[in-house]
Amino acid sequence: QRCTNNSETFIMKWKTLSSEYLFNDRWFKVRRDKCETPGGKIVDPYYVYEFSTWVGALPVTEEGKIIMVRQYRHALGETCLEIPGGCVDDTDTNVEYAIARELLEETGYSFTSFDYLGKISPNPSTNSNLLHMFLAKGGKKVGEQNLDENEEIEVVEMTLDELKQLLRENKIVQAMHVSCILYALEKLGELHY
């Protein structure tokens, strides 16, 4: 990767000299790298957290209601209001398929269209994965939730104005979800600069 500053170009990508896994589980891996900067400095250790690729969406029903989910988040010790989403599974054909599956599992809603909003990094200094963001439209309740064994998720329906008020009051604390909501609001013509 190159970075341009005035008329000079700097090569910024580090070279990985060695790598070892300190922890390797299904959903989370911790890697210790030994790296060399373009200037020759050795960085050892550098810890990298590997997670699966994630997907998330702001879901909008046929009637224009927003679908959110509420669930307990143990690391924070709080019950949080969030957008639906989750991990891309090995069986998912692509990220759009993954978000459609996650929405159906977590909410029981199926959607007629998915606008891709881009990808963001949870934390590029430590995490190797990305979140792919969507605006899901045309939602219709087609069944019940089909949750993983450790999931307890409450589906919350609200108006667009109620969602905007939650943002103003800083009531949605998951930073990646706030990013997705803002990109979705822009796509809907509801975010003005």
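Above this note sits the structure.
Scope of this entry: the structure provided in the associated data block. (Residues numbered from 1 in each chain as written. Predicted model: local features only at pLDDT ≥ 70, side-chain atom pairs only at ≥ 80, totals over all residues. Heavy atoms only, no water.)

**Comments concerning the state of the cysteines**
Then comes step 1: Throughout the structure, instances matching the rule amount to zero disulfides.
Then comes step 2: Left without a disulfide partner, Cys 80 is nearest to the cysteine sulfur of Cys 180, which lies 16 Å away. (Disulfide = S-S within 2.5 Å.)

**Details of the packing of aromatic side chains**
Then comes step 1: With the rule as written, the count across this model stands at nine aromatic pairs.
Then comes step 2: Measuring from ring centre to ring centre gives 5.3 Å for Tyr 116 and Phe 134, while their planes differ by 65°; the resulting arrangement is edge-to-face. One end of the pair, Tyr 116, is in strand β11 (residues 113-120); the other, Phe 134, is in strand β12 (residues 131-141), with 18 residues separating them in the sequence.
Then comes step 3: Overall, Phe 134 belongs to the buried group, its relative accessible area being 2%.
Then comes step 4: Cluster of aromatic residues (ring-pair linked, three or more members): Phe 23, Phe 28, Tyr 49, Phe 51 and Trp 54. (Phe/Tyr/Trp six-rings, centres within 6.5 Å; stacked < 30°, edge-to-face > 60°. Helix = DSSP H or I, 4+ residues; strand = E, 2+ residues; numbered from the N terminus. Buried < 20%, exposed > 50% of the residue type's maximum accessible area, 1.4 Å probe, protein only.)

**A short note on the nonpolar core**
Then comes step 1: Counting 24 residues, the largest nonpolar core has Leu 58, Ile 66, Met 68, Met 158, Leu 163 and Ile 181 as its most contacted members.
Then comes step 2: Among the elements of the structure, β6 (54-61), β7 (66-73), β11, β12, β13 (154-158), α2 (160-168) and α3 (175-187) are those that each provide at least two residues to this core.
Then comes step 3: At five residues, α3 tops the list of elements feeding residues into this core.
Then comes step 4: In contact with Ile 66, other than residues within four places in its own chain, are Leu 58, Pro 59, Val 60, Val 156, Glu 157, Met 158, Thr 159, Leu 160 and Leu 163.
Then comes step 5: Val 55, Tyr 109, Phe 114 and Phe 134 belong to the second largest nonpolar core, which has twelve residues in total. (Core = buried A, V, L, I, M, F, W, Y, C linked by side-chain atoms within 4.5 Å. Contact = heavy atoms within 4.5 Å.)

**A word on α2**
Then comes step 1: Residues Leu 160, Leu 163, Lys 164 and Leu 166 constitute the buried set of α2. Across the axial projection of α2, the buried residues extend over an arc of 155°, all falling on one side. Among the exposed residues of α2, those oriented more than 90 degrees off its buried face are Asp 161 and Arg 168.
Then comes step 2: The inward-facing, buried residues of α2 abut β6, β7, β8 (78-82), β13 and α3.
Then comes step 3: With its phi angle positive at about 55°, Asn 170 sits one or two positions after the end of α2. (Arc of directions from axis to C-beta.)

**Details of unusual backbone geometry**
Then comes step 1: Of note, the amide linkage connecting Asp 44 to Pro 45 takes the cis form, showing an omega dihedral of 5°.
Then comes step 2: Here Pro 45 is to be found in strand β5 (residues 42-50).
Then comes step 3: Residues other than glycine seldom take positive phi values, yet Asn 170 does so here, at roughly 55°.
Then comes step 4: Its place among the elements puts Asn 170 in the loop between α2 and α3.

**With respect to the pairing of β6**
Then comes step 1: Burial within β6 is extensive, with eight of its eight residues counted as buried.
Then comes step 2: Neither face of β6 is left uncovered, since the one carrying Trp 54, Gly 56, Leu 58 and Val 60 and the one carrying Val 55, Ala 57, Pro 59 and Thr 61 both have all their residues buried.
Then comes step 3: As judged from the three bridges shared by β6 and strand β9 (residues 85-87), these two strands associate in the antiparallel manner. Considered in β9, the bridge of Val 55 is made with Gly 86.
Then comes step 4: Sheet topology note: the β6/β12 ladder contains seven bridges and is parallel. Paired with Leu 58 across the bridge in β12 is Leu 135. (Pairing = 2+ DSSP bridges.)

**So, helix α1 (residues 95-107)**
Then comes step 1: Look at α1: 18 Å from first C-alpha to last across 13 residues, which is about the 18 Å you get at 1.5 Å a residue.
Then comes step 2: Among the residues making up α1, those that are buried are Ala 98, Ile 99, Arg 101, Glu 102, Leu 103, Glu 105, Glu 106 and Thr 107.
Then comes step 3: Among the residues of α1, the N-terminal cap falls to Asn 94, whose side-chain oxygen and the backbone nitrogen of Glu 96 are separated by 3.1 Å.
Then comes step 4: Backbone geometry just downstream of α1 places Gly 108 in the positive-phi region, at approximately 80°. (Expected span 1.5 Å × (residues − 1). Polar contact = N/O pair within 3.5 Å; in protein donor to acceptor, adjacent residues only side chain to side chain.)

**Points about the pattern of salt bridges**
Then comes step 1: Within this structure, the stated rule accounts for eleven salt bridges.
Then comes step 2: For Glu 50, the salt bridge identified is with Arg 31, shortest N-O distance 2.6 Å. Of this pair, Glu 50 sits in strand β5 while Arg 31 sits in strand β4 (residues 29-36), placing them 19 residues apart in sequence.
Then comes step 3: Residue classification places Glu 50 among the buried positions, given a relative accessible area of 15%.
Then comes step 4: Look at Arg 31 and you get buried, because its relative accessible area is 18%.
Then comes step 5: The partner of Glu 154 in a salt bridge is Arg 70, with the nearest N and O atoms 3.1 Å apart. Placement of Glu 154 in strand β13 and of Arg 70 in strand β7 is noted, with a sequence separation of 84 residues between them.
Then comes step 6: Looking at Glu 154, the relative accessible area reads 40%, which means it is partly exposed.
Then comes step 7: Connected via shared salt-bridge partners are Asp 89, Asp 92, Arg 101, Glu 102 and Glu 105. (Salt bridge = Lys/Arg side-chain N within 4 Å of Asp/Glu carboxyl O.)

Fair warning: the whole summary comes from geometry, so function is off the table for now.
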